[in-house]
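Residues per chain are reported as follows:
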Amino acid sequence: MKDALAIHRWLLAHQVHHEIVRLPRPLARAEELPQALSAAPGRCLMVTVFEVATRVGGEAVVAVASPVSAGPRPGAVAGLLGARRAVPAPAHVVNSATDYAHGLVCPLLLPESLPLLVDDRLSASAGPIFTATGERRTALRIRALDLLTLLPGKMVDLRLARPGGSRAAVARRH
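Residues numbered from 1 in each chain as written. Predicted model: local features only at pLDDT ≥ 70, side-chain atom pairs only at ≥ 80, totals over all residues. Heavy atoms only, no water.

Peer 1: Explain the overall build of the protein to me, using residue names and the numbers behind them.
Peer 2: When helices and strands are tallied, the protein shows five helices and eight strands. Secondary structure of the protein in N-to-C order comes out as α-β-α-β-β-α-β-α-β-β-β-α-β. The C-alpha radius of gyration of the protein comes to 15 Å, within 12% of the 16 Å expected for a compact globule of 174 residues. Dimensions along the principal axes, computed over C-alpha positions, put the protein at roughly 45 × 30 × 30 Å. Every one of the 174 residues in the protein was classed for burial, and the buried ones make up 47%. Summarising the internal contacts of the protein: among those between residues at least 6 apart in sequence, 70% fall at separations of at least 24. Of the roughly 8,600 Å² of accessible surface on the protein, a fraction of 53% belongs to carbon and sulfur atoms. If the 21 positive side-chain charges of the protein are averaged to one point and the 13 negative ones to another, these points end up 4 Å apart. (Helix = DSSP H or I, 4+ residues; strand = E, 2+ residues; numbered from the N terminus. Rg over C-alpha atoms; globule rule 2.2 N^0.38 Å. Buried < 20%, exposed > 50% of the residue type's maximum accessible area, 1.4 Å probe, protein only. Contact = heavy atoms within 4.5 Å. Areas by Shrake-Rupley, 256 points an atom, 1.4 Å probe, with all protein chains shown as cover. Lys, Arg positive; Asp, Glu negative; His and termini not counted. Charge placed at Lys NZ, Arg CZ, Asp CG, Glu CD.)

Peer 1: Summarise helix α3 (residues 74–81); cite the residues concerned and give the values.
Peer 2: Of all the eight residues making up α3, six are buried; the element is thus mostly covered by neighbouring parts of the structure. Where the residues of α3 are buried, they touch β2 (44–53), β3 (59–67), β4 (85–88), β5 (116–119) and β8 (154–156). Just past α3, the residue Gly 82 takes up positive phi, approximately 70°.

What follows is the structure, given as structure tokens:
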């Protein structure tokens, strides 16, 4: 499993200014970051992993990075991908697909085979943001611009579900 030390080393290697924050209490999931840090929910980032049933009968796993204040709705994710349905992935799928602990997934160091969608409500001008590190007692503090520059995902609008879906394809899960 990946942890704060792996993230810290990777960010140092890429010369990105950041801080690993020690939390006053352990987290069960990233949605608890605003309370633990006394930070605005819009400045805290969570990663939700979905199992997506495509229209051609395939299945895929997709990660979505969004502010804690506006978590992704399954219908919006399915509509965006043109899929029949999207449901939050169970813990064992999240753990194996991301190599992070369920509920504490960091958007950095995700496998290249895992598509990442980034909610466009994450603003590069938002200043510092916080995200989970895979560990219950730490969080990552990083400038929003730096994080958005490092993320390999595609910026998408998850505000509304699109009935016809988009033409974006998702790789089939092995």
